[in-house]
Amino acid sequence: MKIGLFGGSFNPVHCTHIDVANGVMNRLGLDKVLFVPAGNPYHKEQGEMLSAALRYELVEKAVQDFDGLEVSDIDISVEGPTYTIDTLREAERRYPGVELYFLMGQDSLEAFTGWKDWQHIPRLGNIVAVSRAAADHGIMAGELVKIFPDLEQTADNRWTLPGGKSIYIIEDFDFVISSTLVREEWKKGRDISKLVPKSVVESMAQHKAELAEYWI
């Protein structure tokens, strides 16, 4: 079985998150993609960050109508900061024998060598780097070679490490929507039904008072 791990703040989850998860799952033949909302992201300001429980609920609503997409509490069940290496180790414990694929954005790839125990991450799972719409594919490939000098390109947009794990670059998703855009439109009282799944719109309406505590 192949499982993708899609980590992030999801503050809030939006339609592009769903498109990316579905796209990666279909292109790489994954059996499922687990959204892994961060519990307490140590590298982000907490001012507008919704509670972990509410972000988890919104993701749960977002994925309920999509086959193969699920939400996991791997990170939010941990007290304090969460790190990718620990997320992968816990996933390996929960799903023994499964081939793991860790989804990350281009910004994360560019900061990868600053992560905790980053050298060990590709030993636990394959890496799927999803680029911004305006990204230069050659620049991303160059970044990979700098980080992993022993990489061998084995197919278009796929590189393999000596240990057998692979790194993929997927470069054609539309990133017009962002969580920042959703928050800003919500603050202005505008319609966000084209930015987030319908079930998320409904849940956000039910939690309007709590959202206002963080976003206004």
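Residues numbered from 1 in each chain as written. Predicted model: local features only at pLDDT ≥ 70, side-chain atom pairs only at ≥ 80, totals over all residues. Heavy atoms only, no water.

### Regarding helix α2 (residues 52-63)
Okay, so step 1: Spanning twelve residues, α2 covers 17 Å between terminal C-alpha atoms, matching the ideal 16 Å at 1.5 Å per step.
Okay, so step 2: Buried within α2 we find Ala-52, Leu-54, Arg-55, Tyr-56, Leu-58, Val-59, Ala-62 and Val-63.
Okay, so step 3: Next to the buried residues of α2 lie α1 (15-28), β2 (32-37), β3 (69-71), α8 (198-206) and α9 (208-215). (Helix = DSSP H or I, 4+ residues; strand = E, 2+ residues; numbered from the N terminus. Expected span 1.5 Å × (residues − 1). Buried < 20%, exposed > 50% of the residue type's maximum accessible area, 1.4 Å probe, protein only. Contact = heavy atoms within 4.5 Å.)

### Considering the confidence of the model for the protein
Okay, so step 1: Per-residue pLDDT for the protein has a mean of 90; in total, 94% of the residues score no lower than 70.
Okay, so step 2: The secondary structure element of the protein with the lowest average pLDDT is helix α6 (residues 137-147), at 79, and the one with the highest is β3, at 98. (pLDDT = per-residue confidence, 0-100.)

### Description of the pairing of strand β1 (residues 2-8)
Where a strand is regular, its side chains alternate between the two sheet faces.
Okay, so step 1: Where β1 and strand β4 (residues 99-105) come together, five bridges link them in parallel fashion. Counted as the bridge partner of Gly-4 is Tyr-101 from β4.
Okay, so step 2: The pairing of β1 with β2 spans six bridges and is classified as parallel. When the bridges of β2 are listed, Ile-3 appears paired with Lys-32.
Okay, so step 3: For the crossover from β1 across α1 to β2, the handedness is right-handed. (Pairing = 2+ DSSP bridges. Right-handed = clockwise from strand over helix to strand, strands pointing away.)

### Observations concerning the nonpolar core
Okay, so step 1: The biggest cluster of nonpolar side chains holds 38 residues, and the ones touching the most others in it are Phe-6, Val-13, Val-24, Phe-35, Leu-69, Val-128 and Met-204.
Okay, so step 2: When residues no more than four places from it in sequence are discounted, the contact partners of Val-13 are Phe-35, Leu-58, Val-59, Ala-62, Val-196 and Val-200.
Okay, so step 3: Val-98, Leu-100, Ala-129 and Trp-159 belong to the second-largest nonpolar core, a separate cluster that totals 30 residues. (Core = buried A, V, L, I, M, F, W, Y, C linked by side-chain atoms within 4.5 Å.)

### Section: the packing of aromatic side chains
Okay, so step 1: Under the defined criterion, the tally for this structure stands at ten aromatic pairs.
Okay, so step 2: Aromatic pair Tyr-101 and Tyr-168: ring centres 6.1 Å apart, planes at 40 degrees, arrangement tilted. Of this pair, Tyr-101 sits in strand β4 while Tyr-168 sits in strand β8 (residues 166-170), placing them 67 residues apart in sequence. In this pair, the class of Tyr-101 matches that of Tyr-168, namely buried.
Okay, so step 3: Ring centres of Phe-112 and Trp-118 lie 5.9 Å apart, and the angle between their planes is 70 degrees; on these two criteria the pair is classed as edge-to-face. (Phe/Tyr/Trp six-rings, centres within 6.5 Å; stacked < 30°, edge-to-face > 60°.)

### Examining the environment of Ser-166
Okay, so step 1: Turning to its location among the elements, Ser-166 is positioned in strand β8.
Okay, so step 2: In this structure Ser-166 comes out as buried when scored by relative accessible area, which is 2%.
Okay, so step 3: The spacing of Ser-166 and Tyr-101 is 65 residues in sequence and 9.0 Å in space, taken between C-alpha atoms.
Okay, so step 4: When neighbours within four sequence positions are excluded, Ser-166 is seen to be in contact with Asn-126, Ile-127, Arg-158, Trp-159 and Thr-160.
Okay, so step 5: A polar contact of 3.2 Å, which involves the side chain of Ser-166, links it to the side chain of Arg-158. (Polar contact = N/O pair within 3.5 Å; in protein donor to acceptor, adjacent residues only side chain to side chain.)

### A short note on the pattern of salt bridges
Okay, so step 1: Across all of its chains, the model carries eleven salt bridges by this definition.
Okay, so step 2: Residue Lys-187 is joined to Glu-184 by a salt bridge in which the shortest nitrogen-to-oxygen separation is 3.2 Å. Linking Lys-187 with Glu-184, this pair stays in helix α7 (residues 179-187), spanning three residues, or about one helical turn.
Okay, so step 3: Each of Glu-48, Arg-183, Glu-184 and Lys-187 takes part in a single network of salt bridges with overlapping partners. (Salt bridge = Lys/Arg side-chain N within 4 Å of Asp/Glu carboxyl O.)

### Let's talk about the sheet that holds strand β5 (residues 126-130)
Okay, so step 1: Spatially, β3-β2-β1-β4-β5-β8-β7-β6 is the arrangement adopted by the eight strands of the open sheet, whose pairing is mixed. A single partner strand is all that each edge strand has here, and the edge strands are β3 and β6 (152-155). Strand after strand, the sheet turns through a mean of 25 degrees between neighbouring axes, direction not considered.
Okay, so step 2: Against the sheet, α1 touches β1, β2, β3, β4, β5 and β8, its axis set at about 145 degrees to β2. (Axes fitted to C-alpha atoms, helices over the stretch in contact; angles between N-to-C directions.)

### Some words on the packing of α7 against α9
A pair of packed helices is captured by two measures, namely the crossing angle of their axes and the spacing between those axes.
Okay, so step 1: Relative to each other, α7 and α9 sit at 110 degrees, their axes nearing to 11 Å. Relative to α9, the element α7 lies roughly perpendicular. Contacts between α7 and α9 pair Arg-183, Trp-186 and Lys-187 from the former with Lys-208, Leu-211, Ala-212 and Trp-215 from the latter.
Okay, so step 2: Across the contact of α7 with α9, the residue classes tally to four nonpolar, no polar and three charged. (Parallel < 35°, antiparallel > 145°, perpendicular 65-115°, else oblique. Nonpolar A, V, L, I, M, F, W, Y, C, P; charged D, E, K, R; others polar.)

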